[in-house]
Amino acid sequence: MTVPGVRPATFLVVLLATITGGNLFTEPYLLTGGGGPDGASSSPVLVMYQRGVQQGNPDVAAAIGVVLVLIVLLLGLVQRRVFGRED
C-alpha cells in the first residue's frame, strides 16, 4: 500500500474531522453549561445556539450559521487543493 493509494481516504478523514470539530456542541454545553469561564470552551455552534435560542436573536444565529458553512466550504476546498486530485 502506498501513500497515493490512501490519499482519498486521508482526505475524507481530514475533511470529516474538520466538519465535526466545527460542529462541536454537546460536549461543551453539557460539561461547562455554555462555554466555561470567559467562553474558553465555546464552539461556533454553541455560540449560534446561545445567540439564537437563549438570547432570542435568530438573525444573528442565522448569520453565524452562514459564516460557519462558508468557513467549512473554504477549508474543504483548501484541503482538496493540498491533498491534490487523482483522476
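In this text, all values refer to a predicted model and were calculated from it rather than measured experimentally. (Residues numbered from 1 in each chain as written. Predicted model: local features only at pLDDT ≥ 70, side-chain atom pairs only at ≥ 80, totals over all residues. Heavy atoms only, no water.)

Here's the deal with the UniProt feature "transmembrane region" (unreviewed entry) in the chain
Here comes step 1: Sites flagged by UniProt as "transmembrane region" (unreviewed entry) map to residues 60–78.
Here comes step 2: From the first C-alpha to the last, residues 60–78 spans 27 Å; its make-up is 100% helix and 0% strand. (UniProt positions renumbered as here; feature names shortened; annotations may be inferred. Helix = DSSP H or I, 4+ residues; strand = E, 2+ residues; numbered from the N terminus.)

With respect to the packing of helix α1 (residues 3–22) against helix α4 (residues 58–83)
Here comes step 1: Taken N-terminus to C-terminus, the directions of α1 and α4 make an angle of 160°; their axes are 10 Å apart at the nearest point. When the interaxial angle is binned, α1 and α4 end up roughly antiparallel. Note that α1 runs across α4; the crossing there is right-handed. Residues R7, T10, F11, V14, L15, T18, I19 and G22 of α1 form the contact with α4, whose participating residues are L68, V72, L75, G76, Q79, R80 and F83.
Here comes step 2: Its residues placed into classes, the contact of α1 with α4 shows eight nonpolar, five polar and two charged. (Axes fitted to C-alpha atoms, helices over the stretch in contact; angles between N-to-C directions. Parallel < 35°, antiparallel > 145°, perpendicular 65-115°, else oblique. Left-handed = near helix turned anticlockwise from the far one by under 90°. Contact = heavy atoms within 4.5 Å. Nonpolar A, V, L, I, M, F, W, Y, C, P; charged D, E, K, R; others polar.)

Focus: the packing of helix α3 (residues 44–54) against α4
Here comes step 1: Taken N-terminus to C-terminus, the directions of α3 and α4 make an angle of 160°; their axes are 7 Å apart at the nearest point. Accordingly, the angle class assigned to the pair α3 and α4 is roughly antiparallel. Crossing geometry of α3 relative to α4 is assigned as left-handed. Packed against α3, whose contacting residues are P44, V45, V47, M48, R51 and G52, the element α4 presents P58, V60, A61, I64, G65 and L68 at the interface.
Here comes step 2: Here the contact of α3 with α4 is composed, by residue class, of nine nonpolar, two polar and one charged.

A word on the packing of aromatic side chains
Describing an aromatic ring pair means giving the distance of the ring centres and the angle of the ring planes.
Here comes step 1: Scanning the model with the defined rule gives three aromatic pairs in all.
Here comes step 2: Between F25 and Y29 the ring centres are 5.3 Å apart and the planes differ by 15°, which places this aromatic pair in the stacked class.
Here comes step 3: Classification of F25 as partly exposed rests on a relative accessible area of 23%.
Here comes step 4: A residue is classified by how much of its surface remains accessible, and Y29, at 29% relative accessible area, is partly exposed.
Here comes step 5: Taking 5.3 Å as the distance between ring centres and 70° as the angle between the ring planes, the aromatic pair formed by F25 and Y49 counts as edge-to-face. Here Y49 lies in helix α3 and F25 lies in the loop between α1 and α2 (26–32), a separation of 24 residues in the sequence.
Here comes step 6: Relative accessible area serves as the criterion here: at 26%, Y49 is assigned to the partly exposed category.
Here comes step 7: A connected cluster of aromatic rings, assembled from ring pairs, spans F25, Y29 and Y49. (Phe/Tyr/Trp six-rings, centres within 6.5 Å; stacked < 30°, edge-to-face > 60°. Buried < 20%, exposed > 50% of the residue type's maximum accessible area, 1.4 Å probe, protein only.)

With respect to α4
Here comes step 1: Helix length check: α4, at 26 residues, gives a terminal C-alpha distance of 37 Å against a target of 38 Å (1.5 Å per residue), a fit within 8%.
Here comes step 2: When α4 is considered as a whole, its buried residues turn out to be A61, G65, L68, G76, Q79 and F83.
Here comes step 3: On its buried face, α4 sits against α1 and α3. (Expected span 1.5 Å × (residues − 1).)

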